[in-house]
Amino acid sequence: MTAAWVYTLIPAAVAIVGAVVAVNVRPGPTLVSAIQHFAAGVVFAAAAGEIMPDVAHSGSPIATIVGGFAGIGVMLAIRQLERVMKGSAGLLTLVGVDILIDGLVLGIAFAAGAQAGLLLTIALSVEVLFLGLAVTTELSETVKSKMRIVLIIAALVVLLPVGAFIATPVASLPAHYITGFLSFGLIALLYLVTEELLVEAHETPDRPWVAAMFFVGFLLLLSLEEVM
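Residues numbered from 1 in each chain as written. Predicted model: local features only at pLDDT ≥ 70, side-chain atom pairs only at ≥ 80, totals over all residues. Heavy atoms only, no water.

A. Focus on a nonpolar patch on the surface. Residues Trp5, Val6, Leu9, Val158, Val162, Phe165 and Ile166 make up a contiguous nonpolar surface patch of roughly 660 Å² in combined accessible area. Structurally, Val158 can be placed in the loop between helix 7 (146–157) and helix 8 (159–166). (Patch = residues over 30% accessible without salt bridge, like charges linked within 9 Å, V, L, I, M, F, W, Y side chains within 5 Å. Areas by Shrake-Rupley, 256 points an atom, 1.4 Å probe, with all protein chains shown as cover. Salt bridge = Lys/Arg side-chain N within 4 Å of Asp/Glu carboxyl O. Helix = DSSP H or I, 4+ residues; strand = E, 2+ residues; numbered from the N terminus.)

B. Region of the structure containing the nonpolar core. If you look at the biggest cluster of nonpolar residues, it comprises 62 residues, and the most contacted ones within it are Ile51, Ile99, Leu120, Val157 and Leu189. Of the residues forming this core, the biggest block, 12 residues, is contributed by helix 3 (residues 29–56). Once residues lying within four places of it in the same chain are set aside, the contact partners of Val157 are Ala12, Ala15, Ile16, Ile99 and Val128. (Core = buried A, V, L, I, M, F, W, Y, C linked by side-chain atoms within 4.5 Å. Buried < 20%, exposed > 50% of the residue type's maximum accessible area, 1.4 Å probe, protein only. Contact = heavy atoms within 4.5 Å.)

C. Expanded view of the packing of aromatic side chains. Within the structure shown, the criterion is met by four aromatic pairs. Ring centres 6.2 Å apart and planes at 45 degrees place the aromatic pair Phe44 and Phe214 in the tilted group. Of this pair, Phe44 sits in helix 3 while Phe214 sits in helix 10 (residues 208–227); the two residues are 170 residues apart in sequence, bridging distant segments of the chain. Residues Phe214 and Phe215 carry aromatic rings whose centres are separated by 5.1 Å and whose planes lie at 85 degrees to one another, so their mutual orientation is edge-to-face. Using a relative accessible area of 53% as the deciding quantity, one classes Phe215 as exposed. Of the aromatic side chains, those joined through ring pairs into one cluster are Phe44, Phe214, Phe215 and Phe218. (Phe/Tyr/Trp six-rings, centres within 6.5 Å; stacked < 30°, edge-to-face > 60°.)

Following this line, the structure appears as structure tokens:
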């Protein structure tokens, strides 16, 4: 599980680099939508190819159901929080919660195996890149200091290793407990794809090549899994 903490530095670095670029060259809505589609495809491939088989073949239906419903409850709570909290403070809080859960899910994935953790690291790197772009765009409207915006992003991504650290004890638990945590992580990833990335991606007019980026991301991670 030490590897899980180390690997969180990759998406953290990606988010910071993305923030540095975004404060100097603001991406257009079409490019942001393309990144969202691509990220959704990558995360979906990681969830379906790595996490779901471990859950489905665990032979622990009760743990799967309990973990899954726990995931549903947490995701619905986050959705309700999104409706209540507005403005930059609300955005930062929600993104912080999202990043913390990403770190937790990554730590849980490493409990299932190194390959699952590595592929999910790649998927979450793309997803966290988008979060960094979204926060940078929002803060640019009120915060004039580019350095301050980048520092805020850096502070947020610290929650990635924190989440992975929280998940550290999972690896030493009995198999059915690990299944429950993996089921929770699976729900969290599917929520990220269906209720966040794709919903926001479709806020701009669709173009065929933009929509195709979902499948490009999916096939890219699927091909990487085959190579590994």
